[in-house]
Amino acid sequence: MKKEFKIGRRIIGENTPVFCVAEMSGNHLHDYGRAVEIIHAAKEAGADAIKLQTYTADSLSIDCDNEYFQIHGGLWDGMTEYKLYEEAATPWDWQPKLKELAQSLGMECFSSPFDFASVDFMEDCGMTAYKVASYEINDIPLIRKIAKLHKPVIFATGIAHKEDIERALQVCKEEGNDEVMLLKCVSSYPTPYEDINLKMIPTLADTYDCLVGLSDHSMGSVVPVGAVPLGIKMVEKHLTLKRSDGGPDGAFSMEPEEFKEMVDNIRIIEKALGSSAYKLTEKQEKERNGSRSLFVVKDIKAGEKLTAENIRSIRPGYGLHTMYYEEVLGKTALRDIERGTPLAREMFD
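What counts and how
- Residues numbered from 1 in each chain as written.
- Predicted model: local features only at pLDDT ≥ 70, side-chain atom pairs only at ≥ 80, totals over all residues.
- Heavy atoms only, no water.
- 1 Å grid on protein atoms, 1.4 Å probe; cavity = no way out; pocket = protein on both sides within 12 Å on 5 of 7 lines; lining within 4 Å.
- Points joined across faces, edges and corners; volume = space filled by probe spheres on them.
- Nonpolar A, V, L, I, M, F, W, Y, C, P; charged D, E, K, R; others polar.
- Helix = DSSP H or I, 4+ residues; strand = E, 2+ residues; numbered from the N terminus.
- Core = buried A, V, L, I, M, F, W, Y, C linked by side-chain atoms within 4.5 Å.
- Buried < 20%, exposed > 50% of the residue type's maximum accessible area, 1.4 Å probe, protein only.
- Contact = heavy atoms within 4.5 Å.
- Expected span 1.5 Å × (residues − 1).
- Polar contact = N/O pair within 3.5 Å; in protein donor to acceptor, adjacent residues only side chain to side chain.
- Axes fitted to C-alpha atoms, helices over the stretch in contact; angles between N-to-C directions.
- Parallel < 35°, antiparallel > 145°, perpendicular 65-115°, else oblique.
- Left-handed = near helix turned anticlockwise from the far one by under 90°.

In this structure, what is going on with empty space enclosed by the protein? I would like to understand it.
This structure, assessed with the given rule, holds one cavity of 30 Å³ or more. Lining of the largest cavity is provided by Lys-184, Cys-185, Val-186, Thr-191, Ile-196, Leu-214, Ser-215, Asp-216 and His-217. Its residues assigned to classes, the lining of the largest cavity comprises four nonpolar, three polar and two charged.

In this structure, what is going on with unusual backbone geometry? I would like to understand it.
Trans is the prevailing form of peptide bonds, just as negative phi is the prevailing case for residues other than glycine. Cis rather than trans, the peptide bond between Tyr-189 and Pro-190 has omega equal to -10°. Structurally, the position occupied by Pro-190 is in the loop between β8 (180-185) and α8 (200-208). Residue Pro-316 is reached from Arg-315 by a cis peptide bond, and omega for that bond is 5°. Mapping Pro-316 onto the fold places it in the loop between β12 (311-314) and α12 (325-328). Despite not being glycine, Ser-25 shows a phi value in the positive range, around 50°.

I keep staring at the nonpolar core and nothing clicks. Help me out?
It is characteristic of soluble globular proteins that their nonpolar side chains tend to be buried jointly. Phe-155 and Phe-259 are the most contacted members of the largest nonpolar core, which totals 63 residues. If near-sequence neighbours (up to four positions away) are discounted, Phe-155 is found in contact with Val-132, Ile-137, Ile-143, Ala-168, Leu-169, Cys-172, Val-180, Met-181, Leu-182 and Leu-183.

What is the right way to read the layout of surface pockets from this model?
Rolled over the atoms, a probe with the dimensions of a water molecule shows which regions are left empty. Here the largest pocket is characterised by a volume of approximately 760 Å³. Lining the largest pocket are 32 residues; nearest its centre among them are Trp-76, Leu-84, Tyr-85, Tyr-135 and Tyr-189. Only β4 (49-54), α3 (81-88) and β10 (234-238) provide two or more residues apiece to the lining of the largest pocket. The residue makeup of the lining of the largest pocket, split by class, is 15 nonpolar, 10 polar and seven charged.

What exactly am I supposed to notice about helix α1 (residues 32-44) here?
Residues three or four positions apart in an α-helix share a direction because the helix packs 3.6 residues into each turn. Between its terminal C-alpha atoms α1 stretches 19 Å, which fits the 18 Å expected from 13 residues at 1.5 Å a residue. For α1, the complete set of buried residues consists of Arg-34, Ala-35, Val-36, Ile-38, Ile-39, Ala-41 and Ala-42. Of the surrounding secondary structure, the elements contacted by the buried residues of α1 are β3 (19-23), β4, α4 (95-104) and α10 (256-273). Of the residues that open α1, the one with a side-chain oxygen 2.9 Å from the backbone nitrogen of Gly-33 is Asp-31. Positive backbone phi, approximately 95°, marks Gly-46, located one or two places after α1.

Quick question: what am I supposed to make of the packing of α1 against α4 here?
Angle between the axes and distance between the axes are the two parameters that describe a pair of packed helices. The N-to-C vectors of α1 and α4 enclose an angle of 25°; their axes lie 10 Å apart at closest approach. Relative to α4, the element α1 lies roughly parallel. Note on packing geometry: the crossing formed by α1 with α4 is right-handed. Contacts from Tyr-32, Ala-35, Val-36, Ile-39 and His-40 of α1 reach α4 at Lys-97, Leu-98, Leu-101 and Ala-102.

Listed below in structure tokens is the structure:
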């Protein structure tokens, strides 16, 4: 798989900054003005992209109340699948306008499709990438249709077995699409920290030889920031204006100031990671002058011996290296040497 590709105007690669994506999901609460406000808040918070979801309740499920469609436990306890998707869906007629707004603000905008019709719609909108939700990673016909478009495909792996990942990647290879990223993800809302297993990130990268990222549903920004040293090149977090406003995803979404703190800390970590090569910075090289070296600590007359009383290893580092301490003891001074002088070889025989 490619280790560098473009999503719109942004290059995503091993040596590029982490691509920070704000997932709107259902946090618009079916208010177009609020959706617009979320996009502006994402821009102010440092997001690189807005992600939408393109589906209808009918494309995901059926309106049925029997036990198979009931949700038990968690945030959506007591709802049916269909009612949840009705509440969370983003109206399709909004999406071209939201994409245009995001792009006008310098961000990218892409979406997750959930059936053939939504893929076609996203193509009509000119979406530059496709995110496959983890619950769709086993929808091979959908993945094949997406892969044929030869645009970046981002797979969430929250409920995926290894064979699901391998099958999805194989479909992309068959269709000649090697612009693929895998997102470490846990499909639990919110995700308990002990279930996240960030150590799997390098495993995904090594096993499938592709770029990796993180789709995180835990509270706060510690997890995504902590994932940066493990090699993620994308992080996706849900964004709302205020959690207290409610909505199907509100309880585990970030507020704008939290998203900004996450992005700021990610950028700090990226700077701090630097290079893996063992070398000192220019400033560190200068600071070596503060290290220890051999100095004359008592006036020495010409012909006098160098001893432990008149030669010592002290700071700063302008004298002879301390490794020569035992070698110089007993040598004879060739001239008078004043206390506080850095010891040099030309001063003794």
